[in-house]
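What the coordinates show
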Amino acid sequence: MLEAKAIHKVYNNGTKQIHVLKGVDLNIEEGKFVVILGPSGAGKSTLLHILGGLDSPTKGRVIFQGLDIYGLADEAISEVRNTKIGFVFQFYHLLSEFTVLENALMPALINAKTGKTQNTKPEEKALELLKQVGLSARITHFPSQLSAGERQRVALVRGLINHPGLLLCDEPTGNLDSETGKEIISLIKKISQQNRMTVVLVTHNTELAKMADSVYHLRDGVLVN
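If you're wondering where the values come from, they're calculated on a predicted model, not measured in any experiment.

Moving on, we get to the overall build of the protein chain. When its secondary structure is counted, the protein chain shows seven helices and ten strands. The C-alpha atoms of the protein chain give 17 Å as radius of gyration, which agrees with the globular expectation for 225 residues (17 Å, within 12%). Expressed as a percentage of the 225 residues in the protein chain, the buried residues total 48%. Residue pairs in contact within the protein chain that sit at least 24 positions apart in sequence constitute 73% of those at least 6 positions apart. Within the structure as shown, the protein chain displays about 11000 Å² of accessible surface, and the carbon and sulfur contribution to it stands at 48%. When the 25 positive and 23 negative side-chain charges of the protein chain are each reduced to one mean point, those points stand 2 Å apart.

What follows is the structure, given as structure tokens:
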């Protein structure tokens, strides 16, 4: 389903090179819930962005559903990212002038404009997902009227709206209290199991890792079990 082969990422800071990832290898089966643990600054987000086609590696390959992502043209990478991969971030990135339903629908509406959507009934799907995460009564509310946990639930629905085969989560509980964080992770796991969706979640929280099928640690630029 998803394979990373000898991923390196080097940043140039003036005359200095920062080698963040030093040959990361990862092989994830379809439908698995995988957590990558590591402290702040370890390169977890960098790795996640590379896995999702958001940031190219300095060296190495990412194979997703049989496609060598970084062997594709930029437009093809964007299509894979926009139609097959969902993202949930620590910061919700909700648009303040749009309602809960409108925020949840945004990726589907964007894909519909480009003619690349596979979701023929996006509003129906959004309402179904919002019901699953307990927000049916909040669909006309705006982000400023929601709690932090509710905003993250909207962000989760937005990440799921295009039926992704892969959901990438970058510290999705970082702005939440511990109990709400556990609820969000439980929701992600439940929905992923229902849809046989693969999830890769990066976090520094060892408690949340207990819910995963597999746990990896990012240390000194490489992944270890």
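The next point concerns the nonpolar core. Phe 33, Leu 156, Leu 167 and Ile 188 are the most contacted members of the largest nonpolar core, which totals 37 residues. At the level of secondary structure, the elements contributing two or more residues to this core comprise β3 (33-37), α3 (100-114), α4 (122-132), α5 (148-160), β7 (166-170), α6 (178-194), β8 (198-203) and α7 (206-209). The next biggest cluster of nonpolar side chains, apart from the first, holds 29 residues, and it includes Leu 21, Val 24, Ile 36 and Leu 166.

What follows is about the side chain of Thr 173. In this structure, Thr 173 sits in the loop between β7 and α6. By relative accessible area, which is 9% here, Thr 173 ends up buried. Other than its neighbours up to four places away in sequence, Thr 173 contacts Gly 181, Ile 184, Ile 185 and Leu 208.

Among all positions in α4, only Pro 122, Lys 125, Ala 126, Leu 129 and Leu 130 are buried. Here the buried residues of α4 occupy an arc of 130 degrees about the axis, which is enough to place them on one side. For α4, the exposed residues lying more than 90 degrees away from the buried face are Glu 124 and Lys 131. Phi for Gly 134, located one or two positions after α4, is positive at around 80 degrees.

Right, let's get into the pairing of strand β4 (residues 59-64). Note: strand β1 (residues 2-13) against β4, five bridges, orientation antiparallel. Bridge pairing in β4 places Lys 5 opposite Arg 61. Summarising the sheet, β4 and strand β5 (residues 67-68) pair through two bridges and their orientation is antiparallel. Its bridge partner lying in β5, Ile 63 is registered against Asp 68.

Attention now goes to the sheet that holds strand β9 (residues 214-219). The six strands lie next to each other as β6-β7-β8-β3-β9-β10, forming an open sheet whose pairing is mixed. Here the strands that pair on one side only, and so sit at the sheet edges, are β6 (85-89) and β10 (222-224). Taking each pair of neighbouring strands and ignoring which way they run, the sheet shows an average axis angle of 20 degrees. The sheet strands contacting helix α2 (residues 74-84) are β6 and β7, and the helix crosses β6 at an angle near 70 degrees. Along the sheet face, α6 touches β3, β7 and β8 and points at about 145 degrees away from the line of β3.

Moving on, we come to the environment of Gly 159. Mapped onto the secondary structure, Gly 159 falls in helix α5. Accessibility expressed as a relative area gives 9% for Gly 159, which makes it buried. Counting along the chain gives 52 residues from Gly 159 to Met 211, while the straight-line C-alpha distance between them is 20 Å. If near-sequence neighbours (up to four positions away) are discounted, Gly 159 is found in contact with Gly 86, Phe 87, Pro 164 and Leu 167.

On to unusual backbone geometry, then. A negative phi angle characterises most non-glycine residues, just as the trans form characterises most peptide bonds. Residue Ala 6 is not a glycine yet carries a positive backbone phi of 50 degrees. Inspection of the secondary structure puts Ala 6 in strand β1.

A few words now on the pattern of salt bridges. The final tally for this structure, using the stated rule, is six salt bridges. Measuring nitrogen to oxygen at the nearest pair gives 3.1 Å for the salt bridge that ties Asp 68 to Arg 61. Residue classification places Asp 68 among the partly exposed residues on the basis of a relative accessible area of 26%. With relative accessibility at 39%, the residue Arg 61 sits in the partly exposed group.

Criteria and thresholds
- The numbers attached to residues start from 1 for each chain and follow its sequence in the written order.
- For a predicted model such as this one, the threshold for reporting local features is a pLDDT of at least 70, and the threshold for listing and counting side-chain atom pairs is 80 or more; totals across whole chains, interfaces and linings nevertheless cover every residue.
- Values shown for side chains rest on all heavy atoms present in the structure; no hydrogens or waters enter the calculation.
- Strands are runs of DSSP state E lasting at least two residues, helices are runs of H or I lasting at least four, and both sets are numbered from the N terminus onward.
- For the radius of gyration, the atom set is restricted to C-alpha positions; the globular benchmark scales as 2.2 Å times the number of residues to the power 0.38.
- Relative accessibility thresholds used throughout: buried, under 20% of the residue-type maximum; exposed, over 50%; partly exposed, between the two (1.4 Å probe, protein chains only).
- Only heavy atoms enter the contact rule, under which two residues are in contact if any of them lie within 4.5 Å.
- Each accessible area value is a Shrake-Rupley result obtained with a 1.4 Å probe; residue values ignore everything except the protein chains displayed when judging cover.
- His is not counted here, nor are the chain ends, while Lys and Arg score as positive and Asp and Glu score as negative.
- A single reference atom marks each charge: NZ on Lys, CZ on Arg, CG on Asp, CD on Glu.
- What we call a nonpolar core is a set of buried Ala, Val, Leu, Ile, Met, Phe, Trp, Tyr and Cys residues that are connected through their side-chain atoms within 4.5 Å.
- Think of the arc as the fan of directions from the helix axis to the C-beta atoms.
- Strands were regarded as paired on the criterion that DSSP finds at least two bridges between them.
- Between N-to-C directions, angles span 0 to 180 degrees; the directions come from axes that are lines fitted to C-alpha atoms, helices contributing only their stretch in contact.
- Note on definitions: salt bridges are taken to be side-chain nitrogens of Lys or Arg within 4 Å of carboxyl oxygens of Asp or Glu.

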